[in-house]
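The residues making up each chain are set out below.
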Amino acid sequence: MPPVEDIQRQMHGAWRMMTGRRDGIRLLDISVDGFWNSFFAIVVALPVMLMAWVPVAGDLAGPGASFAVRLGIVIRLALVDIGAWILPLVALAAVVDYVGLRDRFVHYIVASNWASALFAWFMLPTSLVRLFVPEAADAATAFALGIFLASLVLSWRLTDAALGKGAATTTAVFFGILFASILTLFALQDILRLNPE
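Residues numbered from 1 in each chain as written. Predicted model: local features only at pLDDT ≥ 70, side-chain atom pairs only at ≥ 80, totals over all residues. Heavy atoms only, no water.

(A) Inspection of the overall build of the protein at higher detail. For the protein, the helix and strand inventory stands at eight helices and zero strands. From first element to last, N terminus to C terminus, the protein shows the α and β order α-α-α-α-α-α-α-α. Here the C-alpha atoms of the protein give a radius of gyration of 17 Å, agreeing with the 16 Å that 2.2 N^0.38 yields for 197 residues. In terms of overall dimensions, the protein has C-alpha extents of about 55 × 30 × 30 Å along its principal axes. Within the protein, the proportion of its 197 residues that are buried is 39%. Intrachain contacts of the protein at a sequence separation of at least 6 include 69% that bridge at least 24 residues. Counting every atom, the protein has about 10,600 Å² of accessible surface; 69% of that belongs to carbon and sulfur. Each charge class in the protein was averaged separately, 13 positive and 14 negative side chains, and the resulting centres sit 6 Å apart. (Helix = DSSP H or I, 4+ residues; strand = E, 2+ residues; numbered from the N terminus. Rg over C-alpha atoms; globule rule 2.2 N^0.38 Å. Buried < 20%, exposed > 50% of the residue type's maximum accessible area, 1.4 Å probe, protein only. Contact = heavy atoms within 4.5 Å. Areas by Shrake-Rupley, 256 points an atom, 1.4 Å probe, with all protein chains shown as cover. Lys, Arg positive; Asp, Glu negative; His and termini not counted. Charge placed at Lys NZ, Arg CZ, Asp CG, Glu CD.)

As C-alpha cells, this is what we get:
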C-alpha cells in the first residue's frame, strides 16, 4: 500500500481536477507503480463502503436472519461494488488503442481510482444515518441522491482534466464508463441474487 502521504497527495490532486484545476494531475503518480498502487483506493474506500453494505444486508436478509446470512450478503455486495468499480476500467483498457486514448489511459485510471475513493467517503454521512438512525432512511436517500448528482458533475470534470482531449471525447468516455458501471452493477446483482424479491 502506498504511504499515507502519497495517498493524501493523490486524493488532493483528484479533488483539484474535479474542481476544474487541471494542475491537480501533477500530484498524481502516473508511473507503472502509481498505476497499480491507485487500485489501493479500493482499500481506502472500504471502511465507508462496508458501512453502506451492512444496513442493506440487514434489509435483504430480513428480520431474524443469522450473522452468517448477513455476512454472506455483505460479501456479495462487496463483489458487486468492487466489480462495478474495476470491470468498466478493464473494458476501457481493452479498447483504449481503438479510441485513441493510449497516451492518457494511465492518467485517467489513476485519477479515476482516487476520485472513486473520495466519492465513497462523500457518502459517509448517509451511511452513518442508515446505520444508526434507520428511521431517517428517506432523508438519507434524498441526501445520497444529491451527492450522486454532484459526483456526476465532478466526475465529468475529472475525466476532462485527465484526458485533455476536449469535451466530445470527455463526454463519450464519461458516459461509456457510467453506462458500463451501471450495466455491471445490475448484472452482478442478478448473478449474485441480490435483487429484492
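(B) Local environment of the pattern of salt bridges. Considering all chains together, one arrives at five salt bridges under this definition. R16 serves as the salt-bridge partner of D23, at 2.9 Å between the closest nitrogen and oxygen. D23 gets classed as partly exposed once you look at its relative accessible area, which sits at 32%. A salt bridge links R102 to D97; the nearest nitrogen and oxygen atoms lie 2.9 Å apart. Assessed through its relative accessible area of 49%, R102 is described here as partly exposed. Take D97: its relative accessible area is 52%, and that puts it in the exposed class. (Salt bridge = Lys/Arg side-chain N within 4 Å of Asp/Glu carboxyl O.)

(C) Main features of unusual backbone geometry. Phi at R193 is positive, roughly 55 degrees, even though this residue is not glycine. Position of R193 relative to the elements: it lies in the segment after α8 (167-191). For R193, a relative accessible area of 72% puts it in the exposed group.

(D) Molecular detail of the environment of F175. Take F175: it is sitting in helix α8. Given the relative accessible area of 48%, F175 is considered partly exposed. Spatially, the C-alpha atoms of F175 and W156 are 8.9 Å apart, while their sequence positions differ by 19 residues.

(E) Here's a closer look at the nonpolar core. By size, the foremost hydrophobic cluster in this structure holds 46 residues, and its most contacted members are M11, M17, M18, W85, Y108, W114 and L158. For this core, the secondary structure elements donating two or more residues are α1 (4-18), α3 (41-61), α4 (67-95), α5 (105-122), α7 (137-163) and α8. Ranked by residues supplied to this core, first place goes to α5 with eleven residues. When near neighbours in sequence (up to four residues on either side) are disregarded, Y108 contacts L89, L92, T159, A162, L163, V173 and I177. (Core = buried A, V, L, I, M, F, W, Y, C linked by side-chain atoms within 4.5 Å.)

(F) Here's a closer look at the environment of A115. For A115, the location among the structural elements is in helix α5. Linking A115 and L152, residues 37 residues apart in sequence, is a C-alpha distance of 11 Å. Look past the residues within four positions of A115 in its chain and what remains in contact with it is A14, M18 and L158.

(G) Spatial organisation of the packing of aromatic side chains. Across all of its chains, the model carries seven aromatic pairs by this definition. Ring plane angle 85 degrees and centroid distance 4.8 Å describe the contact between F35 and W36, whose orientation is recorded as edge-to-face. Between F35 and F39 the ring centres are 5.7 Å apart and the planes differ by 75 degrees, which places this aromatic pair in the edge-to-face class. Residue classification places F35 among the buried positions, given a relative accessible area of 12%. Joined through ring pairs, the aromatic side chains of F35, W36, F39 and F105 make up one cluster. (Phe/Tyr/Trp six-rings, centres within 6.5 Å; stacked < 30°, edge-to-face > 60°.)

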